Amino acid sequence: MKGRIFSGMRPTGRLHIGHLSVLENWVKLQDEYECVFGIVDWHALTTAFDNPEEVRKNIKEMLLDWLSAGIDPNKSIIMVQSHVKQHAELHLLLSMITPLSWLERVPTYKDQIQQLGKQGKDISTYGFLGYPLLMAADILVYKADTVPVGEDQLPHLEFTREIARRFNYLYQKEVFPEPQAILSKIPLLPGIDKRKMSKSYDNYIAMASDLAEIQAKVRLMVTDPNRIKKNDPGNPEVCVVHTYHQIYNPTEVEDIGETCKKGSIGCVACKKILAEKLANYLSPIMERRNYYSERPELLDEILEEGSKKAQVLTEKTLEEVRDVMGV
Ligand code: TRP
């Protein structure tokens, strides 16, 4: 094993096929690293504190999405953040040594406050300010040395390393390793309207979609706007459907692109092929999802087991931290 991984996702809604690429990467990492994957419900609460039912419901949905993608509870620890109180204790203890200015200058902080402010939501809370520190605690409490994340999370990783360094320096003990990010080479999948795929734009294809839902979404995909009639020559370079063919239909994408340029395949036909390919791609995932959703006791068991193992690992770290901090 190369080392230990922690990564997490906030249970804020249905996962889409952009997340699926992230999860497929986690699935591979399971064989190379000792992995802990966290459903970080406290992080979700920093923005969704006024919608607790939504958070609760999404924990199980997220677990189903993870298992259906192939995250394997026999290889990895799957845990819910709020079930392992050590995350909170480390967050509290680390807060004693965290300069306020470090939190205030994390680039996502003011951005997010502004963004959500525009939507009429005030998240200028203590909890939200502490978001990066809670994330640092998630990682450090396992002494994880590797964290697979998207580029948007790099400032948080840098912050985590700064906290680790400060702790080790203050107490003159190498308690925490400095965790490194691994950025996966994940294809950037646009939403059906060509913007970033996101729940808030409602432009996504959910991981748990059947053929009918996939067809409906693919029908709405943005194609070459200059192509009016079906026999007009098209430009695949600007077409979302084409981008998807590249990922989900690699053996035919070239041919389809050529026939599009000649104007000999229409968008309707091209979309129909893509919808079938996508449905095929998602079908084993849907099968695994159905298997697990018919066994709710199994889901409870997985979370309980995972949290127990996580408690054992994290308690060891906390013993050390309490000791050096005199509590
Ligand atoms: N902030 C991360 C995100 O949105 C979620 C997260 C919380 C996380 N704790 C983590 C990711 C620890 C990696 C490691 O997407």
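Just so it is clear, the model here is predicted, and its values are computed rather than measured. Here, residues in each chain are numbered from 1, in the same order as that chain's written sequence. Only residues with pLDDT of at least 70 are given local features in this predicted model, and only at 80 or more are side-chain atom pairs given and counted; all residues enter the totals for whole chains, interfaces and linings. Note that the side-chain values use all heavy atoms of the structure and ignore hydrogens as well as water.

Time to look at the domain arrangement of the chain. Start and end points for every domain follow an automatic or database-based domain assignment. For the chain, the assigned domains read domain 1 (4-189 + 297-325) and domain 2 (209-288). Spacing between the C-alpha centres of domain 1 and domain 2 amounts to 36 Å. Residue contacts follow a heavy-atom distance rule, with two residues in contact if any of their heavy atoms lie within 4.5 Å. In this assembly, ten residues from domain 1 lie in contact with nine residues from domain 2. By convention, the term buried area covers the 1.4 Å-probe accessible surface removed from two parts as they join, with the contributions of both added. Surface buried jointly by domain 1 and domain 2 totals about 850 Å² across both partners, of which 61% is contributed by carbon and sulfur atoms. Considering only the surface of domain 1 that becomes buried against domain 2, I17, S68 and L189 emerge as the three largest contributors, covering 52% of it. A pairing counts as a salt bridge when a side-chain nitrogen of Lys or Arg comes within 4 Å of a carboxyl oxygen of Asp or Glu. Connecting domain 1 to domain 2 are one salt bridge.

Okay, the site of the ligand next. One heavy atom suffices: a residue is near a molecule or strand as soon as one of its heavy atoms comes within 4 Å of it. If you check the shell around the ligand, you find 13 residues, and the closest are F6, Y131, M135, D138 and Q153. We define a polar contact as two N or O atoms separated by no more than 3.5 Å, with the added condition that, inside protein, one atom must be a possible hydrogen donor and the other a possible acceptor, whereas residues neighbouring each other in sequence contribute only through side-chain atom pairs. With respect to the ligand, the side chain of R10 contributes an N or O atom lying 3.4 Å from an oxygen atom. At 2.9 Å, a side-chain N or O of Q153 approaches a nitrogen atom of the ligand. Reported accessibility uses the Shrake-Rupley method at a 1.4 Å probe radius. Residues are deemed covered only where the shown protein chains occlude them. Burial of the ligand by the protein chains amounts to 92% of its free accessible area of 360 Å². For the shell around the ligand, the elements supplying multiple residues, two or more each, are β1 (4-9) and α8 (131-140). If one sorts the elements of the shell around the ligand by residue count, α8 sits on top with four residues. Polar here means any residue other than Ala, Val, Leu, Ile, Met, Phe, Trp, Tyr, Cys and Pro, which are nonpolar, and Asp, Glu, Lys and Arg, which are charged; Gly is therefore polar. A breakdown of the residues in the shell around the ligand according to their chemical character gives seven nonpolar, four polar and two charged. Helix and strand labels come from DSSP, where a helix needs a run of H or I of at least four residues and a strand needs a run of E of at least two; each type is numbered from the N terminus.

Now for the packing of aromatic side chains. Both the distance between ring centres and the angle between the ring planes are used here to describe each pair of aromatic rings. Only Phe, Tyr and Trp rings take part, Trp by its six-membered ring, and two of them pair if their centres are within 6.5 Å. Stacked means planes under 30 degrees apart, edge-to-face means over 60, and tilted covers everything else. Going through the model one piece at a time under the given rule, you end up with eleven aromatic pairs. Linked through ring pairs, W26, F37 and W66 together constitute an aromatic cluster. Working rule: Lys NZ or Arg CZ, within 6 Å of ring centre, within 35 degrees of ring normal, means a charge sits over the ring. Here R166 stacks its cationic end above the ring of W102, 5.8 Å away from the centre of that ring. Its guanidinium or amino end placed over the ring of Y204, K217 lies 5.1 Å from that ring's centre, counting from NZ or CZ.

Before going further, it helps to spend a moment on the packing of helix α2 (residues 41-48) against helix α3 (residues 52-69). Between two packed helices, the angle of one axis relative to the other and the distance separating the axes together describe the packing. One can describe the packing of α2 onto α3 by two numbers: an axis separation of 10 Å at closest approach and a directional angle of 150°. On the basis of their axis angle, the class for α2 and α3 is roughly antiparallel. Read as a crossing pair, α2 and α3 show a hand that is right-handed. Contacts from D41, A44, L45 and A48 in α2 reach P52, V55 and I59 in α3. Looking at the contact of α2 with α3 residue by residue, the class counts come to six nonpolar, no polar and one charged. Angular values range over 0 to 180 degrees, each being the angle between N-to-C directions of two axes fitted as lines to C-alpha atoms, with helices fitted over their stretch in contact. Oblique is the label for any angle not under 35 degrees, not over 145, and not in the 65 to 115 range, which are roughly parallel, roughly antiparallel and roughly perpendicular in turn. Take the far helix as the reference: if the near one is turned anticlockwise from it by less than a right angle, the crossing is left-handed, and if turned clockwise, right-handed.

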